Amino acid sequence: MDSQAVKRTDRWKSRIASELVGILGAGAVISAEDELIAYESDGLTGYRVTPLFVVLPSSAEEVSLVVKLCNREKIPFVPRGAGTGLSGGALPSREGIVISLSRMNRILDVDIPNRVVVVEPGVVNISVTDAVSAEGFYYAPDPSSQIVCTIGGNVAENSGGVHCLKYGVTTNHVLGVEMVLPDGAVVTLGGPTPESLGYDLLSLVVGSEGLLGIVTKVFLRIIKKPQMVKTLFASFERIEDAGASVSAIISSGVIPAGMEIMDNLSINAVETTVGAGYPRDAGAILLVELDGPGAEVSAQVPAVTGILRENGAIEIKLAADESERQLFWKGRKSAFAAMGKISPGYYVQDGVIPRSSLARVLGEIGELGRRYGLRVANVFHAGDGNLHPLVLYDPEVEGESEKAEELSGEILRVCVDVGGSITGEHGVGFDKKRFLPLMFSEQEIDTMNLVRCAFDEEGLCNPGKVFPTPRTCVEPGMQKRGSETAPAKEMGELF
Amino acid sequence: MVSASHVPVSGDTGSDVPEFGFSPEVILYPENIEEISRVLGFASQKGIRVFPFAGGTKLFLGNPVGAVGAALSLKRLGRVLFHEPSDMVSTVECGMEVREFQNAVGRENQLFPVDPPGLNSGATVGGLLSTNLCGPMSTRYGTCRELILGVRAVRADGEIINLGGKVVKNVAGYDIPKLMAGSLGTLCVLVEATFRLYPRQPFSRTLVLGFDSHVSCSRAARAILAADVVPTCFEILDERLSLEFAAAPGAKRSVLLKFDSFEEAVIEQIKQVREITSGDSVSFIEMGDQDSRELWDSAREFPLPSGASFSSKLTLPVTASIEIFSDIESNPALSGVTVRCLSRPARGVALISVSGGGEEAVRAAHSLENLADSLGGRIMFSGVRDELRERIKAWGDFGEALFLMKNIKRRFDPGNILPGEKIFDAD
């Protein structure tokens, strides 16, 4: 959505289309307006831009050739996975090209002894686990969209999921990438080894939201399936007690695989739609999943049950079998969709707070909802303080969607005020770039730009995202060494 | 700039000044980040190169440093600034000793689970983060890279920056705190770091398994990796270290394991290891915390202290880090030197020290470099004897990442105020 996009002539467009077809073949270049519509937005449909072209390369070499063409012609380009992102990270650039990785969807290698799976970026998240499940392994990051979202998008967003409290997020499970840099060069960072040496460039690439290049191959770490999994369900009269339970469980030495809280509004939305068996009158429910060696989990279950009881749980249930466990989770996993049944519109927010601030923040979110006259449902990854407030509104009511968006922004301010973050897993993208200055000073954002410039001096790769204002690489925040000189001991004389 | 008390006169720098390998004109002891900012602002204007240090226990890492005007000590920045037990997050100044930091969070029954070499001899949080060195506990908890949430640092031009945050999940902006892990102070001066902590576990046991052949050890190691056990530490020692650490004297290989959890869970995991390795191991010793302390100290400190010609760290695929022992034994280029090897298979890391002959040591180093390369890994050399330094460089091949690393360095520090030669050979 960069406003200063160059307007191209039809003749130019026709020439570029021919070149793209020459590189990729006719079936891999989309230019018809009715077909481009599907690529106008990602999962955040409030923002839409029609790209010039969408291309569907099948190899790193093809990606590289397209990127080199973009460089020669100064065409901005946007990488895209499954388009499930919720921050507008894959929003096309005006007069730009969308490079969809959906055809690069092969699992290239499964190496069980070394615990590595090598995939192309268009592989769907759950497919990795499917490929190794029979061997007793799985891929840990499990965003709620895991049956459709792709590994390339997960790498771009550093995706999390409900089990990242114990197992970490995508950055903890990516050992290496092959990527096409913004100038078209193909490089490999990291590889099949758990550790690397030198600057940790891989950690910059994971979570870079497609601004540092296009990942064309990913080395993923897989882990052994836990011997035992037990899921506890607890209901509380007050959501604060559910929050206190979370802190008490972790303080006791137990790190559950996941801990999820839903408030009363969410519970009722879920019950109305999927009937997970949650008590409608509860102030909140808490799901605690424990996994690991059987003896460890068996020892943890009574310990956690005791903590839940001490913190005022009204009802505590241990899933008796896998089907009951799935039922417990069914409600949580359906929570977002359920909102669509009880409200014509809803806005999903993604903020992070320190666990210790939970009661205060929930109170402030409630107060904001009252002030704006809108309902806010709370569903969150409680163990890591990752909130997903859902602001409900009616798009048919004039001004209400704007109010919902404003309220969502206010929630982020509350998160930052208590020492948290504006995003835990959805990314900054296009939607939240205006909030980045809540967390970082100009100098700090300039420092991030130093990283971007080290990879992409031309700024053609996914422009208009993350950074709140356009930044070039011509005027870096850093100055070259000053022209004055002095012996170091003068430093002492000056003190 | 900084008060006079922060600049000891020449010859009166105290006993805590390490052997830099170069002679700074001045050593500065700032006591807050603003002073560091002013020092670097001045230095970048005047073209004075500044070498940050704290404990000085890891100066042997990386290439030798050229001429430096000022050495900048972080020793006066040694406080815990923030610790919220219920969040399991703590912010600490980088001059604090790691052991002190661990003791501080330990009072709340929490754990900063990194055990680098030098832990008991002054290793600091800043040095730990700059080097990304770790010890046996990295098997379960990873390195600093996995634990760092945020940094407060001073750029080479003197700007103070806060990056990352104080929450365990945060994807706002590039993950620059992780970039700082292992950057050897070449990008910024790290002043404060915020880490994720873990709960202390109530019960702990160590196992030492002895093996009479590489084949049986390899089979057992793979079985342990595949088992439903979660060791905190998992190391394989060669014959020499098995003897020198008094782990399993006489054994061809030994495996060290440590489990931390509830008592019943630890006992069950030990039982399981015993069952799956019973056909392979020839000895099995179980130890409590007190009895195993010396053993773990040895494993943590290896390859230091060392009279070796050089030490090396190889990052390898998991199975290659198990088989590395036989690769070494069958390598004729390593036959003229004394090799010691410790492997950390879950991390794919092998630590190798080489003692003996000048020319043979050089040949051994090049052979190990080729070996790492052929196994799909990388190598780093350290503690290289002075007379061999010209021929054994600190870093193996960085591959295609090198030019990007140089781009990063050039963007962060175009004047090379913070000595980049620690990592990059002079062009």
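Here the structure is a predicted model, which means the values were calculated and not measured.

Enquirer: A description of the overall build of chain B should follow, citing residues and the corresponding values.
Expert: The secondary structure content of chain B amounts to 13 helices and 18 strands. Compactness check: chain B gives a C-alpha radius of gyration of 22 Å against a globular reference of 22 Å for 427 residues, within 12% of the reference. In terms of overall dimensions, chain B has a C-alpha envelope of 65 × 55 × 40 Å along the principal axes. Expressed as a percentage of its 427 residues, the buried residues of chain B come to 64%.

Enquirer: So, helix α1 (residues 33-46) of chain B: which residues are in play, and what are the values?
Expert: All names here are of chain B. The end-to-end C-alpha distance of α1 is 20 Å, a good match for the 20 Å that 14 residues give at a rise of 1.5 Å each. Where burial is concerned, most of α1 is hidden: 11 out of the 14 residues are buried. For α1, the set of buried residues is I33, E35, I36, S37, V39, L40, G41, F42, A43, S44 and K46. Just past α1, the residue G47 takes up positive phi, approximately 70 degrees.

Enquirer: Explain the packing of helix α8 (residues 239-251) of chain A against helix α10 (residues 294-310) of chain A to me, and be specific about the residues and the numbers.
Expert: Residues and elements named next belong to chain A. At a minimum axis separation of 9 Å, α8 and α10 run at an interaxial angle of 145 degrees. Where α8 crosses over α10, the handedness of that crossing is right-handed. Counted together, S245, A248 and I249 of α8 and V304, I307 and L308 of α10 form the full contact between these two elements. By residue class, the composition of the contact of α8 with α10 is 5 nonpolar, 1 polar and no charged.

Enquirer: I'd like a description of the pattern of salt bridges, backed by residues and values.
Expert: What the rule picks out here adds up to 49 salt bridges over all chains. Among the salt bridges present, the one from A:R434 reaches A:D431, with a minimum N-O distance of 3.7 Å. Given a relative accessible area of 5%, A:D431 falls into the buried group. Here B:E421 and B:R49 are joined by a salt bridge, their closest N and O atoms 2.4 Å apart. Of the two residues, B:E421 sits in the segment after α13 (401-412) while B:R49 sits in the loop between α1 and β2 (50-53), which places them 372 residues apart along the sequence. Comparing B:E421 with B:R49, the two get one shared label, buried.

Enquirer: An account of the interface of chain B and chain A is needed here, citing residue identities and associated values.
Expert: The partner chain A presents 102 residues to the 107 residues of chain B that form the contact. Around 8300 Å² of area is buried between chain B and chain A when both sides are counted, 62% of it from carbon and sulfur atoms. Broken down residue by residue, the surface that chain B buries against chain A is led by B:K169, B:Y174 and B:R411, which jointly contribute 13%. Connecting chain B to chain A are 7 salt bridges. The salt bridge involving A:K224 is made with B:D228; its shortest N-O contact spans 3.5 Å. Applying the counting criterion to the chain B and chain A interface returns 27 residue pairs in polar contact (both at pLDDT 80 or more). For the side of chain B that touches chain A, the element with the most residues is α13(B), which contributes 9 residues.

Enquirer: Summarise the sheet that holds β2(B); cite the residues concerned and give the values.
Expert: Either a parallel or an antiparallel arrangement is found when strands of a sheet pair, and the pairing is made through backbone hydrogen bonds. All names here are of chain B. An order of β1-β3-β2 is seen for the 3 strands of this open sheet, with the pairing classed as parallel. The open sheet has two edge strands with one neighbour each: β1 (26-28) and β2. Averaged over all adjacent pairs, the angle separating strand axes in this sheet is 25 degrees, with direction ignored. Bridge count for β2 against strand β3 (residues 70-73) is 4 bridges, and the pairing is parallel. Counted as the bridge partner of P52 is L72 from β3.

Enquirer: How would you sum up empty space enclosed by the protein? Please name residues and give values.
Expert: Residues and elements named next belong to chain B. Under the definition given, this model contains 6 cavities of 30 Å³ or more. Within this model, the largest cavity holds a volume of roughly 360 Å³. Taken together, 27 residues make up the lining of the largest cavity; nearest its centre are P52, F53, A54, G127 and S130. Breaking the lining of the largest cavity down by element, the ones donating at least two residues are β2, α3 (125-131) and β9 (188-196). The element best represented in the lining of the largest cavity is α3, accounting for 5 residues. There is about 220 Å³ of room inside the second largest cavity. If you go around the second largest cavity, you meet 22 residues; those closest to its centre are P117, L133, P303, K313 and L351. The set of elements that each furnish at least two residues to the lining of the second largest cavity consists of α10 (289-301), β15 (310-315), β17 (349-355) and β18 (378-382). Residue composition of the lining of the second largest cavity, by class: 12 nonpolar, 4 polar and 6 charged.

Enquirer: Could you give an account of the pairing of strand β5 (residues 107-111) of chain A, naming the residues involved and the relevant values?
Expert: Residue and element names in this part refer to chain A. With 4 bridges joining them, β5 and strand β6 (residues 116-119) adopt antiparallel strand pairing. Note that in β6 the partner of V110 across the bridge is V117. Hairpin geometry of β5 and β6 is characterised by an intervening segment of 4 residues between the two adjacent antiparallel strands and by a positive phi of about 60 degrees at R115.

Enquirer: How would you summarise helix α12 (residues 335-342) of chain A if you had to cite specific residues and measurements?
Expert: Because an α-helix completes one turn every 3.6 residues, residues spaced three or four positions apart along the sequence face the same direction. Residues and elements named next belong to chain A. Residues A335, F336, A338 and M339 constitute the buried set of α12. Each buried residue of α12 sits inside an arc of 155 degrees when the element is viewed along its axis, so together they form one side. In α12, the exposed positions that point more than 90 degrees away from the buried face belong to A337 and K341.

Enquirer: Break down the confidence of the model for chain A for me, with residues and values.
Expert: Averaged over all residues, the pLDDT of chain A is 93; the fraction at 70 or higher stands at 95%. Contacts for the low-pLDDT stretch residues 475-481 of chain A, under 50 throughout, to residues beyond four places or in other chains number 23 contacts.

Enquirer: Break down the side chain of B:T91 for me, citing the residues and quoting the values.
Expert: Residue and element names in this part refer to chain B. Summarising the element assignment, T91 is placed in strand β5 (residues 89-93). A polar side-chain atom of T91 sits 2.7 Å from a polar atom in the side chain of T194. Here T91 is in contact with V80, L81, F82, K166, E192, A193 and T194, once residues within four sequence places are set aside.

Enquirer: If you had to explain unusual backbone geometry to someone new, which residues and values would you point to?
Expert: Of note, the amide linkage connecting B:F302 to B:P303 takes the cis form, showing an omega dihedral of 5 degrees. On the secondary structure map, B:P303 appears in the loop between α10 and β15. In this model, A:E95 sits at a positive phi of 60 degrees, which is unusual for a non-glycine residue. Mapped onto the elements, A:E95 comes out in the loop between β3 (77-80) and β4 (97-100). In the Ramachandran plot, A:R115 falls in the positive-phi region, its phi being about 60 degrees despite a non-glycine side chain.

Enquirer: Give me the lowdown on the packing of aromatic side chains, citing residues and values where you can.
Expert: For the structure on display, the rule yields 17 aromatic pairs over all chains. For the pair B:F310 and B:F381, a centre-to-centre distance of 5.4 Å together with 85 degrees between the ring planes defines the contact as edge-to-face. Here B:F381 lies in strand β18 and B:F310 lies in strand β15, a separation of 71 residues in the sequence. Here the two residues B:F310 and B:F381 agree in accessibility, since each one is buried. Members of the aromatic cluster, connected to one another through ring pairs, are B:F20, B:F22, B:F51 and B:F53. A cation over an aromatic ring shows up here: A:R8 above the ring of A:W12, its NZ or CZ 4.1 Å from the ring centre. The lysine or arginine in question, A:K317, covers the ring of A:F233, its NZ or CZ lying 5.1 Å from the ring centre.

How each quantity is defined
Residues numbered from 1 in each chain as written. Chains lettered and ligands numbered in written order. Predicted model: local features only at pLDDT ≥ 70, side-chain atom pairs only at ≥ 80, totals over all residues. Heavy atoms only, no water. Helix = DSSP H or I, 4+ residues; strand = E, 2+ residues; numbered from the N terminus. Rg over C-alpha atoms; globule rule 2.2 N^0.38 Å. Buried < 20%, exposed > 50% of the residue type's maximum accessible area, 1.4 Å probe, protein only. Expected span 1.5 Å × (residues − 1). Axes fitted to C-alpha atoms, helices over the stretch in contact; angles between N-to-C directions. Left-handed = near helix turned anticlockwise from the far one by under 90°. Contact = heavy atoms within 4.5 Å. Nonpolar A, V, L, I, M, F, W, Y, C, P; charged D, E, K, R; others polar. Salt bridge = Lys/Arg side-chain N within 4 Å of Asp/Glu carboxyl O. Buried area = accessible area lost by both parts, 1.4 Å probe. Polar contact = N/O pair within 3.5 Å; in protein donor to acceptor, adjacent residues only side chain to side chain. Pairing = 2+ DSSP bridges. 1 Å grid on protein atoms, 1.4 Å probe; cavity = no way out; pocket = protein on both sides within 12 Å on 5 of 7 lines; lining within 4 Å. Points joined across faces, edges and corners; volume = space filled by probe spheres on them. Arc of directions from axis to C-beta. pLDDT = per-residue confidence, 0-100. Phe/Tyr/Trp six-rings, centres within 6.5 Å; stacked < 30°, edge-to-face > 60°. Lys NZ or Arg CZ within 6 Å of the ring centre and 35° of its normal.

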